[in-house]
Amino acid sequence: MPRRPSETKPETIRVQLIELLAHFEDQLRKGDLRRKVLSLISAFHLLRDLGSSLIPREEASAARDRILAYFRKYPLLVIHGDELMVVSGIQDWPRRIRELRREYGWAIASGVTVQEMIAEDEINVKGLVEASLKPEEYILLDKEQDREAAHRWKIANDIRKKSGGVHAKILEFLRSNVGRPVTGEELRYVTNDKSEWARRVRELRTEQGWPILTRNTGRPDLPIGSYLLEKDRQSPAHDRKIPDPVRRAVLVKDKYTCQKCRWTHEQWNPSDPRHLELHHKEHHAKGGENTKENLITLCVVCHDAVHRKDKS
Ligand SMILES: [Zn+2]
Ligand SMILES: [Zn+2]
C-alpha cells in the first residue's frame, strides 16, 4: 500500500532524515540487528518522501502524474528508470509507464525499442543515435498526447493473440490504421515483443512496397518513432527494392514534391488521399538502376498515369 507522507515540504523531510541518520550512529554501535533494521525503515520512507516531494503535490499529486510531469519536463532525453523511482516514490513505477502509454497515449518508448529503430535507421536524432540505450531507460518521443492510442492498443492486443508471422501481424495492424501514425512500441507489442519487428517493418517497405514511412524515410513531418501506412496499396512491382538511403536521397532531391503535378504532403486531404512514390525512369526490370539519377518522385495519380501510358 502506498504510504501518504505526513510532510510534503522537501526541506522539512530533509531535516527529519538527517536527524534519523544521526541517531542511527548509536544503533550502529550498540543496537542488535533487529533494532538496526527497524530504525532504518523510517529512513527509507523519508528518503522516498523526499524524492516524491521534489515535484510539488499541487502540480502532480499521484505517482503517475509525477512520472508524466518529469517526462514532459525532459522530452527527447534519455531517462533512467531509477529517476522515475525517485520522483514517483513508488515501487511499481513500470506499471504507471504502461498506463501512460496505453491508456493516456503518451509516446514513452523504452530504450530497447528506440535502439531497434536506430538499428534500422528509422531514427536519426543527434545524441540519441550516439547513445546506447538500455532496457531500463525511457524516452518521451512526442510532446503531444495521442488520444487515439488507447483504441489502437486494443486493436494491437487482438492481433497479438492471433497466430501468424511477424510480417503478417505488423501488416494487419498497419492496415487497420491507414493514414494514422502508430508508434514503434505498438508495433513491437503486436509481434509479441520480437526484437526483429523493426527489420520486418523495413522489409515490408523496401521489399514488398508498402508505403510505411517514418521521419527518416519520406515523412519528415511525423513524430520521432512513429510509423505511417500512407495508403492501403503496394507500389508497382518494378518500383520496389529501393534501399532506404536511396529513397531518402531522391525525396530530398525532389523536395518531397511530385515532379509532374507538384503535389506535396501539405496538400493532403481525406477526399484526395494521395501519397508520393518513387518511379524508375528506366524500368528496373529492363536494367534501370536503383540510383538517385534513375529515380523520380511522383504522386500516385501521376505514377499510375505514367504506367498506363507505358502499356498503351
Ligand atoms: Zn502528381
Ligand atoms: Zn513506376
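This is a predicted model, so every value here is computed, not measured.

Engineer: Kindly report on the overall build of the protein, identifying the contributing residues and their values.
Structural biologist: Across its full length, the protein holds twelve helices and eight strands. Taken over C-alpha atoms, the radius of gyration comes to 26 Å for the protein, far larger than the 20 Å a tight globule of 312 residues would show. Dimensions along the principal axes, computed over C-alpha positions, put the protein at roughly 95 × 35 × 35 Å. The contacts in the protein between residues at least 6 apart in sequence include a share of 70% that link residues at least 24 apart.

Engineer: Any details on the sheet that holds strand E6 (residues 226-229)? Residues and values, ideally.
Structural biologist: Taken in spatial order, the three strands of this open sheet run E4-E6-E5, and their pairing is antiparallel. Strands at the two margins of the open sheet, each flanked by one partner only, are strand E4 (182-183) and strand E5 (212-213). Strand direction decides the pairing type here: E4 and E6, joined by two bridges, are antiparallel. Residue pairing for E6: Val-182 is matched across the bridge by Tyr-227.

Engineer: Can you break down the nonpolar core residue by residue, with the values?
Structural biologist: Ile-67, Ile-108, Ile-170, Leu-187, Val-201 and Ile-212 are the most contacted members of the largest nonpolar core, which totals 46 residues. Look past the residues within four positions of Val-201 in its chain and what remains in contact with it is Ile-170, Leu-187, Ile-212 and Tyr-227.

Engineer: Which residues make up the packing of helix H7 (residues 149-161) against helix H8 (residues 166-175), and what are the values?
Structural biologist: Packing of H7 against H8 brings their axes to within 10 Å, and their N-to-C directions diverge by 155 degrees. As judged from the angle between their axes, H7 and H8 are roughly antiparallel. Crossing hand, H7 versus H8: right-handed. Residues Ile-155, Ala-156 and Ile-159 of H7 pack against Lys-169, Glu-172 and Phe-173 of H8. Among the residues forming the contact of H7 with H8, the class breakdown is four nonpolar, no polar and two charged.

Engineer: Please give an account of the pairing of strand E7 (residues 276-280) that cites residues and values.
Structural biologist: In terms of burial, E7 is largely enclosed, as five of its five residues are buried. Side chains Leu-276, Leu-278 and His-280 of E7 all project onto a buried face; the interleaved residues Glu-277 and His-279 project onto the opposite face, where all are buried too. Taken together, the five bridges between E7 and strand E8 (residues 295-299) define a ladder with antiparallel strand orientation. The residue of E8 that forms the bridge with His-279 is Ile-296.

Engineer: So what about the domain arrangement of the protein? Which residues, and what values?
Structural biologist: As far as domains go, the protein holds domain 1 (1-54) and domain 2 (237-312). Averaged C-alpha coordinates put domain 1 and domain 2 at centres separated by 66 Å.

Engineer: Could you give an account of the confidence of the model for the protein, with specific residues and numbers?
Structural biologist: Across the protein, the average pLDDT comes to 92, with 97% of residues at or above 70. Per-element averaging of pLDDT across the protein places helix H12 (residues 300-311) at the bottom with 88 and H8 at the top with 98.

About the criteria used
Residues numbered from 1 in each chain as written. Chains lettered and ligands numbered in written order. Predicted model: local features only at pLDDT ≥ 70, side-chain atom pairs only at ≥ 80, totals over all residues. Helix = DSSP H or I, 4+ residues; strand = E, 2+ residues; numbered from the N terminus. Rg over C-alpha atoms; globule rule 2.2 N^0.38 Å. Contact = placed C-beta atoms within 7 Å. Pairing = 2+ DSSP bridges. Core = buried A, V, L, I, M, F, W, Y, C linked by C-beta atoms within 7 Å. Buried ≥ 20, exposed ≤ 12 C-beta atoms within 10 Å, placed from the backbone. Axes fitted to C-alpha atoms, helices over the stretch in contact; angles between N-to-C directions. Parallel < 35°, antiparallel > 145°, perpendicular 65-115°, else oblique. Left-handed = near helix turned anticlockwise from the far one by under 90°. Nonpolar A, V, L, I, M, F, W, Y, C, P; charged D, E, K, R; others polar. Domains from an automatic or database assignment. pLDDT = per-residue confidence, 0-100.

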